[in-house]
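Architecture and fold: a report
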Amino acid sequence: MSETIVYSAKKIITMNPSRPEATHVAVRDGRILGAGSLSELQTWGDVRLDERFKDKVLMPGFVEGHAHVMEGSLWSKVYCGWFDRADPDGKLWSGVKSVDAVVERLRAAEAALEDPAAAVSGWQLDPIYMDNITVTRADLDRVSTTRAVGVLHASGHIMNVNTKALELAGMMKTGHNHPGIPLGADGLPTGELKGPEVMTPVGPFVGFERNLLDADEAGLRNFAKLCVRTGTTTITDLASRMDEDTVDMMLRVTSEPHYPIRLMPFRFFLGLSAPELVETVLAMKKRATDRLRLGQIKIVVDGSIQGFSARLRWPGYHNGAPNGLWYIAPEHLSELLHLALEAGVQVHTHTNGDQATQLVLEKLATALQAHPNPDHRFTLQHCQLADAAQFRLAAKLGMCVNLFANHHYYWGDEHYNLTVGPDRATRMNACRTALDSGVPMAIHSDAPVTPLGPLFTAWAAVNRITASGRVQGEEERIDVSEALYAVTMGAAYTLHLDGEIGSIETGKKADFAVLEADPTACDPMELKDIPVWGTVQGGRIFPAAEL
Amino acid sequence: MGHRAGRPYFPGGRALKADIPVAVIGGYLGAGKTTMVNHLLRHAAGRRIAILVNEFGDLPIDEDLIEAEGEDMIAISGGCICCSFGSDLTAALIKLSELTPPPDHVVIEASGVAMPGTVALSISILPGFALSGVVVLADGERVQAQAEDDYIGDTIVRQLSDADVIVHSKTDLQPNERAIEAVESWLQAMAPQAKIVPTVRGRVPPDIILGLTGPTAKPQASPHADAGYESLAFREIPPCVPEDLARKLATSSYGVIRAKGFLRDAEGNSWVIQTVGRRFEAQRGQKSELDGVVCIGRRGDLQAAALHGLLGPAVSSSHI
Ligand SMILES: [Zn+2]
Ligand SMILES: [Zn+2]
């Protein structure tokens, strides 16, 4: 018979309402035998007591229901963000606060390069916090005039490049007439490239050659390290194009004995017709393993609010910008929902604007009449501007929501002042209303858009502080216990995994977040600062310090 | 979009660097894009056309045209191909330009919710390609209702406003001429910049979709003479200011949908002019073997007499 190990802990927060706290947890074959007192667990017979966590607080391993493996891939480039951020190796990169600082950091990276043809690539630049200053090619020419230099913005939709990069791409000339290519007084591009169409031709020259929706092996490993450092044991890749080679690679890497996370990639909806997509995903589902949960679809319905490409209902954007863009035709959406319901394939839909959310609600309501499924758990991802009526309808239809709590901190001020105005900014990512409406709810980081960190995400939903320090939408705050539920059971539920993970109770996977302090006992403002020792995943122990 | 200066916007003749001309086809789901593309492929007449589609939805190509099917490429009879670009159009175009030999024409079938003008803009920055025009289809029976729809109304309106040429499709499904005319005047009001082309079952002459080759090529006789288009060729162009001439052809009421010409200014410099819809361009070109201008328009709309006044006597006229 397999060995039974009992771990003692300072406290175990189980998220199991029938036994919310325990001091010991017994693990056998990577699963939880029980949680309780030592004497209770000793009734299972021969147990080995392991006291390594006796000063730690154990929680169920955190579940991140909306992130992208790209977060792992981007760390091969130079971090140029405004906020401090930890890399997969645990190094904390301080935020860069000026263009000079950006240049200096890129220069340091440049100096370390040996290959004279190698490009210097940076990511996560966010001029919103620098009074919307424009970075020019002259700035980046100070990094190098012989190498291509490119820096991707936090939005993912703008890139700054140097003169060399423009030359390599054949774009260093006058006569451009494109809103995505601003020109200087000399008629030449300033080096700012706005929008994917104008970034793609330059991308390969500045180190962004890969389609960022494809996981790469190094990125997948880095991603897993970030998970361990943040207490995350199950996470989504939302979404991936998942060609044959990528799936093979993901299967290989995740099956390695020390790969520390359970990954759930969602197949991006574009590139195949609706019937082919469903068929492909069903075939992938057959190849799923415990650590690679294949077989779901992600649909992107609209764009982003700060990019003015989200679809809003009346009265639209606060600054008068025209309504955003559809990324899928309503008829196509409807067809996919019908086919997926019929085939039993789960669909998560990205909707930022409330009109996009409304469209999904209406189309799903109709599809459900044709293919009733009381437990589909189709999930509205982001769903940032939903009002109470939409949450109520989502609940009635059996949908879940995964709200973008982190967004509120990073862009809440921008939304208040510019995009949607005070009223709607105040109710954005309305966690309180969602819970009160009875809709199953998770909260997310959308890493790399914001950093992965379920405790930070919980903090953001509990406090609703914006980057400028204001509380925005007091009424929509939720309790610490509700937020901790959202990043464990809440997210597990949206992934149909609530029977396997999300709480510490008999029969579930032995997935723990190992914390240095008790998140239910600290000042809610300090929730985000609780140190994470590492994780236990499927009974395997992963100390962050040893990654 | 408007008229742009500097960079060659239209594909040149042999005189200019051989940019591959790219036509963007837009329009909402069900407007008839696929039918028109298949008609185009059936009448490619030796032109090697690459069709780029957002996805191989319900297969965009009629089965009898398919010679071989790969994962993201379909070989079509006559040397044409169809490729799926998923979410990355630019990368697909760059790949196409590396084919040997490269295609003669690229046709992008934009997704039903895409803004064709945005797609067209992305071509303008790719070396080796030149936009030949934006063709937007409108389902005559449904377009007005679609434009009122809460969800897609503004998308439809923006698509129409991006068009150089609007193909008013499925006119055979309308009860009478009056109904067809009513739709056309509505379309024209929505998109004053565009020329409207009525069609049945996607039968639009390839020259209107792809662009004209120029006066050196013989106009292709149409397999559907009933399609109702006419092309006029002029060989003795009076001395002129090329840009003024192009502007007149595009913006005055000569009934010209597309025009292309090689001609000289007063100093004897060679020029290439092109128009599509109400857009026009004049570029300095190298000396061509044969000067002249070709215009294409709807039969009955094309003002032959007025064009004589502008371009001299017509040397040929054909119904296409
Ligand atoms: Zn999203
Ligand atoms: Zn996302």
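Predicted, not measured: the structure shown is a model, and the values here were computed from it.

Let us look at the interface of chain A and chain B. Counting residues at the interface gives 36 residues for chain A, matched by 34 residues for chain B. Carbon and sulfur atoms make up 57% of the area that chain A and chain B hide from each other, which totals about 2600 Å². For the interface between chain A and chain B, the tally reads one salt bridge. The partner of Arg311 of chain A in a salt bridge is Asp154 of chain B, and the shortest N-O contact between them spans 2.8 Å. Among the elements of the structure, α6 (196–199), α10 (330–343) and α11 (354–370) of chain A are those that each provide at least two residues to the side of chain A that touches chain B. Ranked by residue count, the leading element in the side of chain A that touches chain B is α11 of chain A, at four residues. Grouping the amino acids of the side of chain A that touches chain B by side-chain chemistry returns 16 nonpolar, 13 polar and seven charged.

Attention now goes to helix α9 (residues 274–285) of chain A. All names here are of chain A. With 12 residues, α9 ought to run about 16 Å at 1.5 Å a step, and its terminal C-alpha atoms sit 17 Å apart, in line with that. Turning to α9, its buried residues number three or more, namely Ala274, Leu277, Val278, Val281 and Met284. Each buried residue of α9 sits inside an arc of 125° when the element is viewed along its axis, so together they form one side. Those residues of α9 that are buried lie in contact with α8 (244–254), β15 (262–268), β16 (296–300) and α10.

Aromatic ring pairs: the centre-centre distance and the angle between the two ring planes describe each pair. Residues and elements named next belong to chain A. Taken as a whole, this structure holds 18 aromatic pairs over all chains when the rule is applied. With a centroid separation of 5.9 Å and 20° between ring planes, the pair formed by Trp82 and Tyr129 is classed as stacked. Of this pair, Trp82 sits in the loop between β7 (78–79) and β8 (85–86) while Tyr129 sits in the loop between β10 (120–125) and α4 (137–141); the two residues are 47 residues apart in sequence, bridging distant segments of the chain. By way of ring pairs, the aromatic residues Trp82, Phe83, Tyr129, Tyr409, Tyr410, Trp411, Phe456 and Trp459 are connected into one cluster. Just above the ring of Tyr493 sits the side chain of Arg377; from NZ or CZ to the centre is 3.8 Å.

Here the focus is the sheet that holds strand β8 (residues 165–169) of chain B. Sheet strands associate in pairs through backbone hydrogen bonding, adopting either a parallel or an antiparallel arrangement. Residue and element names in this part refer to chain B. Here nine strands make up an open sheet; going across it, the order is β3-β4-β5-β2-β6-β1-β7-β8-β9 and the pairing mixed. Looking at which strands have only one partner, the edges of the open sheet turn out to be β3 (66–69) and β9 (195–198). With strand direction ignored, the average angle separating the axes of adjacent strands in the sheet is 20°. Across four bridges, β8 lies against β9 in parallel orientation. Among the inter-strand pairings, Ile166 is bridged to a residue of β9, identified as Ile196. On the sheet, helix α2 (residues 89–97) packs against β2 (49–53), β5 (80–84), β6 (105–109) and β7 (129–139) and is oriented at approximately 160° with respect to β2.

Residue and element names in this part refer to chain A. Domain annotation for chain A reports domain 1 (78–206) and domain 2 (217–537). If you average the C-alpha positions of domain 1 and of domain 2, the two centres end up 30 Å apart. Each side of the interface is counted separately: domain 1 has 12 residues, and domain 2 has 13 residues. Here domain 1 and domain 2 share an interface that buries about 1100 Å² over both sides, 55% of which is from carbon and sulfur atoms. Looking only at domain 1, the three residues that lose the most surface to domain 2 are Phe83, Arg85 and Pro88, adding up to 45% of its buried area.

The next subject is unusual backbone geometry. Most of the time, phi is negative for any residue but glycine, and the peptide bond is trans. Residues and elements named next belong to chain A. That bond from Leu238 to Ala239 is cis: its omega, 25°, falls within 30 degrees of zero. With respect to the helices and strands, Ala239 occurs in strand β14 (residues 232–240). Cis geometry marks the peptide bond from Trp314 to Pro315; its omega dihedral reads 5°. For Pro315, the location among the structural elements is in the loop between β16 and α10. Its identity is not glycine, yet His382 carries a phi of approximately 75°, on the positive side. With phi around 50°, Cys383 is a residue other than glycine that occupies positive phi space.

This part is about the domain arrangement of chain B. Residue and element names in this part refer to chain B. Taken as a whole, chain B is organised into domain 1 (11–210) and domain 2 (229–319). Each partner contributes residues to the interface: domain 1 has 26 residues there, and domain 2 has 19 residues. Taking both sides of the interface into account, the surface hidden between domain 1 and domain 2 amounts to around 1700 Å²; carbon and sulfur atoms contribute 53%. At the surface where domain 1 touches domain 2, the tally comes to two salt bridges. The partner of Arg298 in a salt bridge is Glu184, with the nearest N and O atoms 3.2 Å apart. Counting only elements with at least two residues in the side of domain 1 that touches domain 2, the list comes to β7, α6 (177–190), β9 and α7 (206–210). Classifying every residue of the side of domain 1 that touches domain 2 gives 15 nonpolar, six polar and five charged.

All names here are of chain A. Within the secondary structure, Arg291 sits in the loop between α9 and β16. Buried Arg291, no salt bridge; nearest opposite-charge side chain is Asp290, N-O distance 5.2 Å. Among the polar contacts made by the side chain of Arg291, one reaches the main-chain carbonyl oxygen of Tyr259 at a distance of 3.4 Å. Residue contacts for Arg291: discarding those within four places in its chain leaves Thr254, Ser255, Glu256, Pro257, Tyr259, Ile261, Arg262, Leu263, Gln537 and Arg540.

Glancing now at the coordination of the zinc ion (ligand 1). Residues and elements named next belong to chain A. Here the zinc ion (ligand 1) is held by the protein donor atoms His350 (ND1) and His382 (NE2), which lie 2.0 to 2.2 Å from it. Here the zinc ion (ligand 1) and the zinc ion (ligand 2) are spaced 3.4 Å apart. Of this pair, His350 sits in strand β17 (residues 346–351) while His382 is found in strand β18 (residues 379–382), placing the two residues 32 residues apart along the sequence. Accessibility expressed as a relative area gives 3% for His382, which makes it buried.

Residue and element names in this part refer to chain B. The buried fraction of strand β1 (residues 20–26) is high, at seven of seven residues. Alternating residues of β1 divide into Ile20, Val22, Val24 and Gly26 and Pro21, Ala23 and Ile25, and every residue in both groups is buried. Pairing of β1 with β7 involves seven bridges; the strand directions are parallel. Across the sheet, Pro21 pairs through a bridge with Ala130, a residue of β7. Of the strand pairs in this sheet, β1 and β6 are connected by four bridges, and their pairing is parallel. Its bridge partner lying in β6, Ala23 is registered against Val107.

What counts, and at which threshold
- Residues numbered from 1 in each chain as written.
- Chains lettered and ligands numbered in written order.
- Predicted model: local features only at pLDDT ≥ 70, side-chain atom pairs only at ≥ 80, totals over all residues.
- Heavy atoms only, no water.
- Contact = heavy atoms within 4.5 Å.
- Buried area = accessible area lost by both parts, 1.4 Å probe.
- Salt bridge = Lys/Arg side-chain N within 4 Å of Asp/Glu carboxyl O.
- Helix = DSSP H or I, 4+ residues; strand = E, 2+ residues; numbered from the N terminus.
- Nonpolar A, V, L, I, M, F, W, Y, C, P; charged D, E, K, R; others polar.
- Expected span 1.5 Å × (residues − 1).
- Buried < 20%, exposed > 50% of the residue type's maximum accessible area, 1.4 Å probe, protein only.
- Arc of directions from axis to C-beta.
- Phe/Tyr/Trp six-rings, centres within 6.5 Å; stacked < 30°, edge-to-face > 60°.
- Lys NZ or Arg CZ within 6 Å of the ring centre and 35° of its normal.
- Pairing = 2+ DSSP bridges.
- Axes fitted to C-alpha atoms, helices over the stretch in contact; angles between N-to-C directions.
- Domains from an automatic or database assignment.
- Lys, Arg positive; Asp, Glu negative; His and termini not counted.
- Polar contact = N/O pair within 3.5 Å; in protein donor to acceptor, adjacent residues only side chain to side chain.
- Donors = N, O, S within 2.8 Å, 3.2 Å for Na, K, Ca; no water.

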